[in-house]
Amino acid sequence: MEEWDVIVIGAGIAGLSAAQMLGRARRRTLVVDAGSPRNRFAAHMHGVLGHDGIPPAELLDRGRAELEAYGVEIVAASVDAVEESDASVTVRMTDGRTETARALIIATGITDELPAIPGLAEGWGSTVLHCPYCHGWEVRDRRLGVLLLSPLQLHQAQLVRQWSDDVVVFTAAAGELAPDVLRAFRARGIGVETHPVVAFADGTVHLAGGRRVPVDAIFTAGAPRPHDAFVAGLGLARTDAGLLEVDALGRTSSARIWAAGNVVTPYANVPVSMGAGSMAGAGANAALVEEDVARAIAEPERYWNDRYADRMWSGNPNATLVDVVGGFVPTRSLDLGCGEGADVVWLARRGWDATGIDLSAAAIARAQAAAEEAGVSARFIAGDLDDTDPLGAAGIDGSFGLVTASFLHSRVALDRARALRRAAGLVARGGHLLVVSHAAPPPWARPEHVAHHVFLSPEQELASLDLPATEWETLIVDVRSRAAVGPDGAPATLGDSVVLLRRV
Ligand SMILES: Cc1cc2nc3c(=O)[nH]c(=O)nc-3n(C[C@H](O)[C@H](O)[C@H](O)COP(=O)(O)OP(=O)(O)OC[C@H]3O[C@@H](n4cnc5c(N)ncnc54)[C@H](O)[C@@H]3O)c2cc1C
């Protein structure tokens, strides 16, 4: 049994946003975080509406505090493996702990891998910058450098020019530039340095050959390395760029795994990562809601199969059935909630073309065995009376001379009155509907075992059937006493509500 609804790996802005949606959606959520958000190198954060200029860690701290109110748990740990099964995802941490959840959100960000040029890593986030939208305003009108690492980065030079007219671009790592690119640089007054950069220190770019170029800040783009090695074994679909492939809600090719933020969108800034995390949180919750619905629909069947794991009944037909139906001329019969089939086998023995239906496949298997053992031919269907046409689904049509429901009580979802009314519609003209149910709890029943149960008087049963008096003749509306023996061996008398109707 899984412990968490969702595990989020990563407590950066994407992971915390996902967790906020999940916590507010009352999902049991665990966040596992290694504590190294990508923007930890920067003293201030910009371009984040309402939070402009605050330290990046402050936003995350506020987020963590908000999550606490929704019961989200956050642990400091690093995940190094994820395993997936049909029903859950298990996360293993480097300290040996494991946690299991119904869904997983990967929000682990990236590492910006910088070229091995001395001074770049040291200045990362202060004088070595990656994004003019995040830092351009702060260095506007200053001497700015742009270190190109590949031709894909050419646009960055023109972009940075928007913030200053004193821009020099270092092009050696991008190879020889096309004439139209150089022309565009010239047109915008961007200087070009073709010698390789060998170091950046104290506001100076050192070039091979010894030349030095002073700049106040240098823009470059590290190669993004996504933190997703821990799902390498799952075979999730990836983009051409090698990133995890996700849909609009962040779902990966696994039905239980989402990914959001820089780990799948390296260019995303804080607001975009926040939105993606929020979307993934909502997406994971929506999928769990869907699964909860499917589980709830399957629950009655699971419940009854569990109940019928061992033989439940005596194998004798119900006394009221024997008493009431004994004199009827056999035609076609249908027993609703036939359980282990004792009533159906008894009817078949007496010459009825007998069918029984029950939700539990385990009970039906036992009923079939009972018919075989008795040497009678009877039809048993594992079907749900809450379905619109469970008999039709099993290829059975036509009407019945007798429809019976003996103790058709369920403590799990069943619209009993609707099922009985629908079954009444299957009774042929001149045929009978017999409904027998508990009129009162047995003397040995503990209150907690019968609290869920509605004990109908025969009059209430008749009223709940709500059948037109013009079509139905009421033959019996009665409480009948029956001798029984309690679990402690003491004799008792039980009352059964009996309703017998005849279709005219
Ligand atoms: C220097 C710098 C400055 C920036 N400034 C700005 C700015 O001013 N404005 C702006 O909008 N954007 C800015 N950004 C971009 C911003 O950093 C990202 O948009 C944002 O961090 C993406 O959030 P995320 O949640 O996807 O990833 P992250 O913030 O990187 O969070 C990922 C989290 O996952 C954790 N993690 C990783 N692997 C594991 C693992 N195996 N197990 C457990 N936990 C793990 C990490 O430790 C980290 O805490 C800046 C980026 C940089 C590099």
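For the structure itself, consult the block above.
All values reported here derive from a predicted model rather than from experimental measurement. (Residues numbered from 1 in each chain as written. Predicted model: local features only at pLDDT ≥ 70, side-chain atom pairs only at ≥ 80, totals over all residues. Heavy atoms only, no water.)

1. Brief notes about the overall build of the protein chain
What the protein chain contains, in helices and strands, is 14 helices and 24 strands. For the protein chain, whose C-alpha radius of gyration is 37 Å, the value lies well above the compact-globule estimate of 23 Å for 504 residues. Each principal axis of the C-alpha atoms in the protein chain carries an extent, and together these give about 115 × 45 × 40 Å. The buried share of the protein chain, reckoned over its 504 residues, is 45%. In the protein chain, 64% of the contacts between residues at least 6 apart in sequence involve partners at least 24 apart. Carbon and sulfur atoms form 52% of the exposed surface of the protein chain, whose accessible area is close to 24,500 Å². (Helix = DSSP H or I, 4+ residues; strand = E, 2+ residues; numbered from the N terminus. Rg over C-alpha atoms; globule rule 2.2 N^0.38 Å. Buried < 20%, exposed > 50% of the residue type's maximum accessible area, 1.4 Å probe, protein only. Contact = heavy atoms within 4.5 Å. Areas by Shrake-Rupley, 256 points an atom, 1.4 Å probe, with all protein chains shown as cover.)

2. Quick word on the sheet that holds strand β12 (residues 197–201)
One open sheet accounts for 3 strands, arranged β12-β13-β14; its pairing is antiparallel. Edge positions in the sheet fall to β12 and β14 (212–214), since each of these pairs with one other strand and no more. Geometrically, the sheet is characterised by an average inter-axis angle of 20° between neighbouring strands, direction not taken into account. Inspection of the sheet shows strand β13 (residues 204–207) paired to β14 by 3 bridges, in the antiparallel sense. The residue of β14 that forms the bridge with Thr204 is Pro214. (Pairing = 2+ DSSP bridges. Axes fitted to C-alpha atoms, helices over the stretch in contact; angles between N-to-C directions.)

3. A look at the packing of aromatic side chains
In the structure shown here, the tally under the stated rule is 3 aromatic pairs. With a centroid separation of 5.5 Å and an interplanar angle of 90°, the aromatic rings of Tyr133 and Trp163 are classed as edge-to-face. Residue Tyr133 is found in helix α4 (residues 132–135), and its partner Trp163 is found in the loop between α5 (154–161) and β10 (167–170); the two are separated by 30 residues along the sequence. With relative accessibility at 58%, the residue Tyr133 sits in the exposed group. Grouped by ring-pair contacts, the aromatic residues Tyr303, Trp304 and Tyr308 constitute a single cluster. The ring of Trp137 carries Arg140 above its face, with NZ or CZ at 4.1 Å from the centroid. The ring of Phe400 has Arg332 lying over it, and the distance from NZ or CZ to the ring centre is 4.4 Å. (Phe/Tyr/Trp six-rings, centres within 6.5 Å; stacked < 30°, edge-to-face > 60°. Lys NZ or Arg CZ within 6 Å of the ring centre and 35° of its normal.)

4. So, the pattern of salt bridges
Two side chains of opposite charge can pair, provided their charged atoms sit close to one another. In the structure shown here, the tally under the stated rule is 27 salt bridges. The salt bridge partner of Arg64 is Asp33, with a shortest N-O separation of 3.3 Å. Residue Arg64 is located in helix α2 (residues 56–69), and its partner Asp33 is located in strand β2 (residues 29–33); the two are separated by 31 residues in the primary sequence. Exposure remark for Asp33: the relative accessible area of 13% places this residue in the buried category. In this structure, Arg211 engages Glu193 in a salt bridge whose closest nitrogen and oxygen atoms are separated by 2.1 Å. Separated by 18 residues along the polypeptide, Arg211 in the loop between β13 and β14 and Glu193 in strand β11 (residues 191–193) bring together distant segments of the chain. Taking relative accessible area as the criterion, Arg211 reaches 41% and is therefore assigned partly exposed. (Salt bridge = Lys/Arg side-chain N within 4 Å of Asp/Glu carboxyl O.)

5. Here we look at the sheet that holds strand β22 (residues 427–438)
Overall, mixed pairing links the 7 strands, which are arranged β20-β19-β18-β21-β22-β24-β23 in an open sheet. Strand pairing shows two members of the sheet lacking a second neighbour, β20 (379–382) and β23 (472–485), which therefore form its edges. Each strand axis lies, on average, 15° off the axis of its neighbour in the sheet, ignoring direction. In this sheet, strand β24 (residues 491–503) lies alongside β22 in antiparallel orientation, the contact comprising 7 bridges. Bridge assignment links Leu433 to a residue of β24, and that residue is Leu501. Against the sheet, helix α10 (residues 361–374) contacts β19 (353–358) and β20, and its axis sits at roughly 170° relative to β20. Helix α14 (residues 458–465) rests against β22, β23 and β24 of the sheet, and its axis sits at about 35° to β24.

6. A few points about unusual backbone geometry
With a phi close to 50°, Asp202 is a non-glycine residue in the positive phi region. Considering the arrangement of structural elements, one finds Asp202 in the loop between β12 and β13. Judged by its relative accessible area of 79%, Asp202 is exposed. Positive phi, normally seen in glycine, also occurs at Asp466, with a value near 50°.

7. Structural notes on the packing of α5 against helix α6 (residues 179–187)
As a packed pair, α5 and α6 sit with axes 11 Å apart at the nearest point and diverge in direction by 10°. With respect to each other, α5 and α6 are oriented roughly parallel. Here Leu154, Ala157 and Gln158 of α5 lie close against α6, whose contacting residues are Val181, Ala184 and Phe185. Residue classes in the contact of α5 with α6 are distributed as 5 nonpolar, 1 polar and no charged. (Parallel < 35°, antiparallel > 145°, perpendicular 65-115°, else oblique. Nonpolar A, V, L, I, M, F, W, Y, C, P; charged D, E, K, R; others polar.)

8. Here's the deal with the environment of Asp216
Within the fold, Asp216 resides in the loop between β14 and β15 (217–219). Residue Asp216 is classed as partly exposed on the basis of its relative accessible area of 27%. Taking C-alpha positions, Asp216 is 40 Å from Ile105, a pair spaced 111 residues apart along the chain. Residues within four places of Asp216 in sequence aside, it is in contact with Thr127, Arg142 and Arg143.

9. With respect to the site of the ligand
The environment of the ligand is made up of 39 residues, and the closest members are Asp33, Ser36, His46, Ala268 and Val270. Here Asn39 contributes a backbone N or O atom positioned 3.5 Å from an oxygen atom of the ligand. Alone, the ligand offers 990 Å² of accessible surface; in the complex the protein occludes 97% of this. For the shell around the ligand, the secondary-structure elements that each account for two or more residues are α1 (13–24), β2, α4 and α7 (270–307). At 3 residues, α7 tops the list of elements feeding residues into the shell around the ligand. Classifying every residue of the shell around the ligand gives 19 nonpolar, 17 polar and 3 charged. Split by domain, the shell around the ligand shows at least three residues from each of two domains, domain 1 (4–112 + 224–296) and domain 2 (115–219). (Near = heavy atom within 4 Å. Polar contact = N/O pair within 3.5 Å; in protein donor to acceptor, adjacent residues only side chain to side chain. Domains from an automatic or database assignment.)

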